[in-house]
Structure formats: C-alpha cells, structure tokens
Amino acid sequence: MEQKYIRNFSIIAHIDHGKSTLADRILEQTNTVQSREMVDQILDDLDLERERGITIKLNAVSLTYKSDDGNEYLFHLIDTPGHVDFTYEVSRSLAACEGAVLVVDATQGVEAQTLANVYLAIDNDLTVIPVINKIDLPSAQPEIAKAEIENDIGLDASDAPLISAKLGTNVHQVLENIVKYIPAPSGNPKAPLQALIFDSYYDSYRGVIVAVRIKNGELKVGDMIQLMSNGLKYQVTEVGIRSPKEINKQKLECGEVGWLAASIKSVQDVRVGDTVTLADNPCAEPLPGYRELQSMVYCGLYPTDNARYNDLRDALEKLQLNDASLKFEAETSQALGFGFRCGFLGLLHMDVVQERLEREYNLDLIATAPSVVYEVHLANGEVKLIDNPALLPANQMIEYIAEPFIKAKIMAPKDYIGPIMELCQNKRGLYQDIVYLDDTRVNIIYDLPLAEIVFDFFDKLKSCTKGYASLDYELTGYRKSELARMDILINGEVIDALACIVHTKFAYQRGSNITRKLKEIIPKQQFEIPIQASVSGKIIARTNIKAYRKNVLAKCYGGDVSRKKKLLEKQKEGKKRMKAVGSVDIPQEAFMAVLSMDEE
Amino acid sequence: MIKGLYVHIPFCAHTCGYCDFAKAKYNNGLASRYLNELEKEICAIGQKEFETVYVGGGTPTSLSSEQLDRLLSFLSGFGGKKEFTVEINPETFDLEKAMIMKKNGVNRVSIGIQSFNERLLNEMDRSHNNEDTYNTLKYLDEAGIKNRSIDLMYGFNSQSLEDLESDLEKAVNLDVTHISIYELEVHEKTMFGINNYQLADEETRYLMYRKIIEYLNAHSYRQYEVSNFALPYSQSQHNLIYWHYEDYYGAGLAACGKIGNERYENTHNFMDYLNGNYRLEVNKLSLEEVRFEAIMMGLRLTEGINIENYNEKHGCQLLKHYDKAIEKNVNKGLLRIDNGCLKTTSMGMMVLNDILVDFMNWL
C-alpha cells in the first residue's frame, strides 16, 4: 500500500466519554467486524479490563475504508491505556500514529484528563481531530462542548462531527475526517528499517508477538532483525496485521502498523519504545523517546498458606510472560514467611496483578504496603537501592537517604486551587507553578515525593476536587530527604513486614495513625498486646490492645454439644485466616495498615 | 445400660426474652396430648431403670398439679434412685406441687431464681418476684426436699459488681446445696437478640466471673464446672454424665441424646412430635469428633479428664494424640497435668474456648 493511503491514529477520551464504543462502531462500519461477531468493546480483550472499564493491554487493529473520494484507505487504529501508571506506554502508542481522534462527551464537555491526553498527543506531533459524542442524550450541549474545545485546548472544532457512537450516528463523518485531516505517514521506504515497538504479548507457540510501527524501510519474513536497546538479534518468522484477528503477510511496508514474531522467548527482552532495525543494515539512530522500564512501586506478596509458595511463583512467572513491567524476586519475612518482592509501574498495576493472582490462580495473598525505591547513601560512600523498608541499614551506617521525586501536573478548575495546594503541602510537596489555562482552568505544578503519591494521593485528590482534577506525573530524580525507618512492634516484637520509611517530620503522626489502626484491626487476645511505633530505637507512639480475659461457654449440657461445637469451629476458621506472628494472631488487613493516613 | 434420662417439658407460663429453649405458652389440652406422646416415647426406649432422671424445660412446674403428678408418677417407674431432679420456676410453684414431687420420689430440685434483685428480674423479663422465691423454699422445706439447686444469672446491662455480690450473699444464705450461675447469653432469635440487648461490658463480666468463683468457693460452694458450684457430695449426678461424656437418653420436644458415637436430636415441631415423628436427625460422629467432644466436655470440670480412662475409652493416647495442643497450652499456663488428669488451670478455665480450638485437629 502506498503511504498516502495509510492513516495511523488513536482515539483519546476521558473515561466514559465513549472511546471504546466509537472504536467498536468504526470496526463495524468498515465491515472489519460483522455485527454478529461484535462483543461490546472488543478491543478490551481481557475480562478484567472489561470489568474495571479500563484498558490495560495495548492493541492495534487494521481496517480498510472506502472513502467518499473513491479511494480505499488502510487505517490502523491503535488503542491506548488510560491511567497515569501507563503514561509512557500511552506516549509510545501515540508515537506510532500521525493523528488522534479526540472524543468529547457532549453532556460533560472537556475534562481535565482529556487535556492531559491531548497534550500528550500534541507533544508527539499528532494532528488532533475532535468529535462530539453522545448527541443522542437529552442533556447534550454540543455547542458548549465545541466552544470548550476551542477555548480550552485551542483546537478548531468547527468541523467536528456530532455523533452518537452508541447509535452509530455520523460515524461516517468521523471516518471521512480521518482521511481528510490526519496526515499520511511520510517515512522513507528505501531507508534501513526503523520500526517502533509499542506493545508485545506472549504466545506460547510462537514466542513474543511484537506490535510495531514501520517508520522507515520495510520488514519481511526471514529478515534478521536487531533490537537497538539491547542488541539482541532474531530471525523474523512471521509478520502480519490484525483485523482484529491475525492476518499473516509477507512483509510490513513503510508507514504500516502490524506485528512480528521471531521466536523471541521473553517479553522482558522486548521493550516498549525500543527500535527494531535490520542486523546487517542497521539504521543510524534509534527512534527518540525510548525509556528504560522502571518499577515505581514495590510490595511483598506472600501466600497466606505458606505451602502455596511454589504456586505463587508459577503464577507470577505466567503473568510475567505477558507483562514485561512486572518484576519479582524471592524474599523472606520473619513475619510472613516465604514470598516475593514485586515491582510495579504504579498502584493500579499492583492492584491488577494482585487481583489476577487471586482470581485467575486462586491464591490467597497478603500484600505488604507498597514502597518506592530509596537511594541509601552509606557513610562508607556506598549507595544502596532499597525497595523494602525492612532492609534499610542501621541508622549509624547511613549518611543520608534520597527518595524519588516526581513533577506532578494537576489540571483542575481554578475553584479547587486551595484544597489541591493544601493536599500537596500535606504530602510534602514543593510548590513550582500555577498556570492559568483559561479563565476557569489551571495547571498546578508541584514537586512531590513519589512515596507520598503511592499512598492515597490520587484518591484524596479526587475527593477534594469532586473528581475534576487529573494527575500526570513524571519521575524527576532523587532528592535528599529527612527519612528514617519506622518499625512497628507488636507485643514487643519488631514485625518486619510492617516497617515503613517515613519523613521524620511526619513520623509522630504516622506512628500514631498506624498504631491506632492496628488496634482496630487486631482482635483482642488472651494477653494485653502493646503496639508501638519506633524510630531509631525511640518509641514515638504506643497503644495497647486490652486482653480479653474470658472466653468460655457459660452453658454446655447434653443438648448443647452440637451447637456449641459449631461456635468453636467458627472461631477456629477465623483464626486460620490470620497469620500467627510470635504469639499474636494478626489478620491480613493489618499489613496494609501502614497505608492508613487518615488524619484524626 | 444408659445412665441418664432427660425429659423435656416445653411449656412456660410466660416466655422470657433471653430464653432460646424449645417451649410454648402453657395450654392444658396441648400439655395433656404432649404427655401422652412423651410417655410413649419413653416407653419405646426399652430401658426401665436409669440412675438419674432429670426433668427440665421450659417449665415443668407450669403443668397443672394433675399433669405434674401424672408425669412424675410415670417417671418414678424409670429409676432415678441416685438422682431425680425437677426444675422449678417460683411463679408456678406451690405446696401442692412440692408434695406431689415428694410423693413421687423426686429427690432434687433446681430452682430458676436468676436473681434476688427485682430491678434485674424485671430487666431480664422474669415474671416472679422475691416473695415467690422465698415461698418456693418454704414449700420445699414443708415437703422435706432438702437437696436443692438454684440457678442464677449475671452480666446484665445495668448490673453492677455490688448487685452481683448482693445476689451471691443471698444465695449462700439460702438453704441450698448447689448453685449454677450463668453469664447471660444473647441469642439471635430471642427478644433480647432482636432488640440488640447489650450485656454489661466485657471487663465487668470478667470481674463478675472472678468474684463469683472467689465468693462461692469461700462459702463452701466449690466450683466443679465452669458455671456450677456445690457443697461437698452435692454435685449434679445427672449433669456429670454429660461432662464425663457418657451416654444418655433425651425424651420430649427438641431433646437430644447420645448413645455411643451417635447423637440424635428430636424435632422442634409440636405437630411432628404429637404425630409420633420424634427424631429431627441422627448423626454418626467421626472418631475424631468423639475424641474432641470428650475433651470439650471434660475440660469444663475442675477435676479435668482422667487420662487413663480417656485412653481406654477412646482408643488413643490423649497426651500423644493432642501433643501439640497440650504442650502449647501447658506452656501458656492454661492446662496442667495433675494426678493422672488433664485439667485447666484457673486461668485456663476462663479461656477454655481458645484451648479447645487448638484441639480441633480435623479443621
């Protein structure tokens, strides 16, 4: 296909503004998928995604469209995930496109998250074409939505189609605008191969399937390719497109989007944003924008039943086949036994992995509170990276600790500046800037410690702005902070799995919050249980769980035996769901208590 | 031979808000039909001589004098020489009924006094008062029934430690041989449960229980079971059958019996019972359940479980079979082995449920 008949685009939208529905209609109206084959929102092919209404795995579909101008076009629709954990992946998917369709809900107008995604698209030099969706709803106000697009984003909305993705109304106009406004790719077909990797997944028969966009040159079956970030070489066994089923081809041409298989054994080797080139005729430069994948958040995952340690390892290995961003290594905890330290892109990613382990692999897990990676500068000049607070060296050995900082861009209506700044301040944020986007919207920029974000920042932000604010962040590096490990002692014993690293200024407050929370969670036992928080050997907070001193059935005669035995069985079952640490039974929720940040 | 026979009389003059036993409001016609069926069930057992007979309820004394006479004279044909107990509620008792008991060989009574504090009697929804209580004892004196037990309760919302102590003082000053004192249990389907009745707080109830043990032991009523105290040689022979995990028959609505490794429970439905369909279910217990239940009952006694007897009866070495549970609780100071018996310490008795959970080795 000649490049002038190719269009590569994404659809960007705020959650629930109709991105997936529009994708479904486009597939239907280009006869890519017959209506009877339609499952709602077929691009989200993991159940979990469908349940949570979020797209985690990227996907690309090729379709042909016969335009009103009489020509047949090849469209590549590239789907993108929509959460801050995946900003980098989104940006790489966008980099595979020349344009983006911006869906704005006619009943809601432009929302903060829409702006974040649009800017990401504009950053990648994409042409953004707006459409106004949900015009079938009585509360639709398309003119206001258009005005917002023009005023808030600065895009021309005069030609924006008014559509109903649900009913299929005017979707044809969207397709025409894609042809008309989104530029054709302009790579050099004769140049050495330069292809962008924007996704991958593992197929047990053919190895890793790599989603690529051919920027320059072409890719044929049999080619010897090289991945530029790590130099690994493979022979291409298959190439093709998806429509959305896989269709094998002999080659992928310049400007096209498709997939390749090359007997690659591990998704870890195939990095999103990396450049594929030919081993014997490499391109001069890799494509810009590549970043090493970085785990932002770590936590310990332990099976409740220690006997299932091997099952957990098998399950993690299977998940990792398809999730290059999941990292894990074995670790042991005195309190929890054998488990794994796992690294994630962010909290959502962590939740998703945990949920899949529990649901798909039927495991009962205890997760320790998430931690970021600290840079610990030792007195002897050595620098250690620590992702598990329990492993922090003794205070005397530490020169200082540095923690990862992010630059947070919070977009919100200006009415919420006060609460947002207060929140950022409470989270140890350093004010940078406020940019007025227009009369009503602002961009608030703060430097914040990542550790504060991985707790409950996002929820707090949503609740203090009635859901209007959006958050985009990027890691900016490490900064020295006044940090120390806070140990939690239960019944005089340090519980390693409950250790956390805190800012000394907030230590008292955190310590008393955590001890109070633990007091609520841990059931009374036969003896009084002191719960203490200590920093550098100094107790900074303390509370006691009073002993219950009586637990005996008052009456037990001939007629009571069965019933009373059942009561005891219930008590036994409850006990089994707890973890015995020393002489204290601790319920699973306790290990998340260090997350508890509630102020009084 | 089975040692004990329990007979259930499921009628009451008044239904108390906390009670979850099978019972109905007394009705003369229904009671007569019930007694017909009860006699049939007891005859069908096929055993004529029991060491102990215990008539409980409900309220056996809610029966009319004629019905009570009929029942007790029938039961006097089934032994009870060692112990023949009938439960009494003060508000449905009089001299006539006392004489009927004496005549038919009843040699022990258990009186549901619950408290001597009329405010608390009111709170617990009992319909008798102190006058009834003292009259009851007077009638028994007149009839010459000397072996008597009283039931008390504690743990009420408005009850103070002083209230309790005053009850204990009155109890030991009565001429009784045996005191049972129970912490109030709130059951879901009773009026107390439905109204979400709040007991006295946990700490108070603990202190109350301590006080009870201390006080009664000091006044010659020795604790021999979690909630039971007796003068020397006055322990309930019938109830010891349960705690020794021996066999017994139960007859009447909702009664239970245990024969070997089988336990049965009778129907809770009057119509079924009156139609001769006595059994609700019969369960065969597994070996491990039997072994556990013997411990669950035996550890309620201060004397504990005789290890040799246990081993012989249950075909396993108690100390070996439950070595982990025993070791753990001995180390915690909750169990001890003394004189060939496995028993709770006084601290262990307080948290018997926790100990027992460790013995549930099939879970």
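Residues numbered from 1 in each chain as written. Chains lettered and ligands numbered in written order. Predicted model: local features only at pLDDT ≥ 70, side-chain atom pairs only at ≥ 80, totals over all residues. Heavy atoms only, no water.

### A few points about the overall build of chain B
Right, on to step 1. Of the regular secondary structure elements, chain B holds 16 helices and 17 strands.
Right, on to step 2. Counting every position in chain B, which comprises 363 residues, the buried fraction comes to 58%.
Right, on to step 3. Surface summary for chain B: the accessible area is close to 14,900 Å², and the carbon and sulfur share equals 48%. (Helix = DSSP H or I, 4+ residues; strand = E, 2+ residues; numbered from the N terminus. Buried < 20%, exposed > 50% of the residue type's maximum accessible area, 1.4 Å probe, protein only. Areas by Shrake-Rupley, 256 points an atom, 1.4 Å probe, with all protein chains shown as cover.)

### Concerning the side chain of Ser481 of chain A
Residue and element names in this part refer to chain A.
Right, on to step 1. Mapped onto the elements, Ser481 comes out in strand E25 (residues 470-481).
Right, on to step 2. Judged by relative accessible area, which is 12%, Ser481 ranks as buried.
Right, on to step 3. When sequence neighbours within four positions are dropped, the list of residues in contact with Ser481 reads Ile401, Ala402, Glu403, Phe405, Arg428 and His503. (Contact = heavy atoms within 4.5 Å.)

### Some remarks on the interface of chain A and chain B
Right, on to step 1. Tallying the contact residues gives 26 residues for chain A and 44 residues for chain B.
Right, on to step 2. Regarding the contact of chain A and chain B, the summed buried area is about 3,300 Å², with carbon and sulfur atoms giving 53% of it.
Right, on to step 3. It is Arg549, Lys550 and Tyr557 of chain A that lose the most area in chain A upon contact with chain B, and together they represent 21% of the buried surface on that side.
Right, on to step 4. Counting across the chain A and chain B interface gives seven salt bridges.
Right, on to step 5. Across the pair Lys564 of chain A and Glu185 of chain B runs a salt bridge whose closest N-O atoms are separated by 3.3 Å.
Right, on to step 6. Summed over the shared surface of chain A and chain B, the number is 22 residue pairs in polar contact (both at pLDDT 80 or more). (Buried area = accessible area lost by both parts, 1.4 Å probe. Salt bridge = Lys/Arg side-chain N within 4 Å of Asp/Glu carboxyl O. Polar contact = N/O pair within 3.5 Å; in protein donor to acceptor, adjacent residues only side chain to side chain.)

### What about the sheet that holds strand E6 (residues 194-203) of chain A?
All names here are of chain A.
Right, on to step 1. Taken in spatial order, the eight strands make up an open sheet running E10-E9-E15-E6-E7-E14-E11-E12, and their pairing is antiparallel. Every other strand in the sheet has two partners, leaving strand E10 (233-235) and strand E12 (246-249) as the edge strands with one partner each. Neighbouring strand axes in the sheet, compared pairwise and without regard to direction, differ in orientation by 40° on average. (Pairing = 2+ DSSP bridges. Axes fitted to C-alpha atoms, helices over the stretch in contact; angles between N-to-C directions.)

### Comments concerning helix H6 (residues 161-173) of chain B
Residue and element names in this part refer to chain B.
Right, on to step 1. Between its terminal C-alpha atoms H6 stretches 18 Å, which fits the 18 Å expected from 13 residues at 1.5 Å a residue.
Right, on to step 2. Taken residue by residue, H6 has Asp163, Leu164, Asp167, Leu168, Ala171 and Val172 as its buried positions. Around the axis of H6, the buried residues are gathered within 160° of arc, so they sit on the same side. Summarising the geometry of H6, the exposed residues directed more than 90 degrees from the buried face are Glu162 and Asn173.
Right, on to step 3. Close packing links the buried residues of H6 with strand E6 (108-114), helix H4 (118-123), strand E7 (148-154), strand E8 (178-183) and helix H8 (202-218). (Expected span 1.5 Å × (residues − 1). Arc of directions from axis to C-beta.)

### Structural notes on the environment of Leu316 of chain A
Right, on to step 1. Its location among the elements puts Leu316 of chain A in helix H7 (residues 309-322).
Right, on to step 2. In sequence terms Leu316 of chain A and Cys342 of chain A are 26 residues apart; their C-alpha atoms lie 9.3 Å from each other.

### Side note on the packing of helix H1 (residues 19-29) of chain A against helix H6 (residues 171-181) of chain A
Residues and elements named next belong to chain A.
Right, on to step 1. Packing of H1 against H6 brings their axes to within 10 Å, and their N-to-C directions diverge by 85°. Here H1 lies roughly perpendicular to H6, going by the angle between them. Residue-level inspection shows Leu22, Arg25, Ile26 and Gln29 of H1 in contact with H6, the latter providing Val171, His172 and Leu175.
Right, on to step 2. Looking at the contact of H1 with H6, its residues break down into four nonpolar, two polar and one charged. (Parallel < 35°, antiparallel > 145°, perpendicular 65-115°, else oblique. Nonpolar A, V, L, I, M, F, W, Y, C, P; charged D, E, K, R; others polar.)

### What to know about unusual backbone geometry
Right, on to step 1. Omega for the bond connecting Gly57 of chain B with Gly58 of chain B falls within 30 degrees of zero, at 25°, which places this linkage in the cis form.
Right, on to step 2. With respect to the element layout, Gly58 of chain B can be found in the loop between strand E4 (50-57) and helix H2 (65-75).
Right, on to step 3. With a phi close to 60°, Asn170 of chain A is a non-glycine residue in the positive phi region.
Right, on to step 4. With respect to the helices and strands, the residue Asn170 of chain A is situated in the loop between helix H5 (142-153) and H6.
Right, on to step 5. With a phi close to 65°, Arg428 of chain A is a non-glycine residue in the positive phi region.

### Observations regarding the pattern of salt bridges
Right, on to step 1. All chains considered together, the criterion is met by 47 salt bridges over all chains.
Right, on to step 2. A salt bridge links Glu293 of chain B to Lys565 of chain A; the shortest N-O distance between them is 2.7 Å. In this pair, Glu293 of chain B is assigned in helix H11 (residues 287-298) and Lys565 of chain A in helix H12 (residues 561-576), connecting two distinct chains. Like Lys565 of chain A, Glu293 of chain B is buried.
Right, on to step 3. Shared partners join several salt bridges into a network, and the residues in it are Asp203, Arg206, Glu238 and Glu246 of chain A.

### Observations concerning the sheet that holds strand E17 (residues 327-333) of chain A
Residues and elements named next belong to chain A.
Right, on to step 1. Strand order in this open sheet of four strands is E17-E18-E16-E19, and the pairing throughout is antiparallel. Of all the strands in the sheet, just E17 and strand E19 (365-367) have a single pairing partner and so form its edges. Neighbour to neighbour, the strand axes of the sheet diverge by 30° on average, direction disregarded.
Right, on to step 2. Pairing geometry for E17 and strand E18 (residues 337-344), over seven bridges, is antiparallel. Across the sheet, the residue bridging to Ser333 is Gly337, located in E18.
Right, on to step 3. The sheet strands contacting H7 are strand E16 (297-303), E17, E18 and E19, and the helix crosses E18 at an angle near 15°.

### Section: the packing of aromatic side chains
Right, on to step 1. Under the counting rule described, the total for this entry stands at 26 aromatic pairs over all chains.
Right, on to step 2. On the numbers, 4.7 Å between centres and 80° between planes, the contact of Tyr242 of chain B with Tyr248 of chain B is edge-to-face.
Right, on to step 3. Residue classification places Tyr242 of chain B among the buried positions, given a relative accessible area of 6%.
Right, on to step 4. On the basis of relative accessible area, Tyr248 of chain B is assigned to the buried category, the value being 2%.
Right, on to step 5. Ring geometry for Tyr322 of chain B and Phe359 of chain B: centres 5.0 Å apart, planes at 50°, overall tilted. Note that Tyr322 of chain B is positioned in the loop between helix H13 (318-321) and helix H14 (323-331) and Phe359 of chain B in the segment after helix H16 (352-358), a separation of 37 residues in sequence. For the pair Tyr322 of chain B and Phe359 of chain B, one class covers both residues: buried.
Right, on to step 6. A cation over an aromatic ring shows up here: Lys550 of chain A above the ring of Tyr209 of chain B, its NZ or CZ 5.2 Å from the ring centre.
Right, on to step 7. Sitting over the ring of Tyr182 of chain B, Lys555 of chain A keeps its end group 4.6 Å from the ring centre. (Phe/Tyr/Trp six-rings, centres within 6.5 Å; stacked < 30°, edge-to-face > 60°. Lys NZ or Arg CZ within 6 Å of the ring centre and 35° of its normal.)

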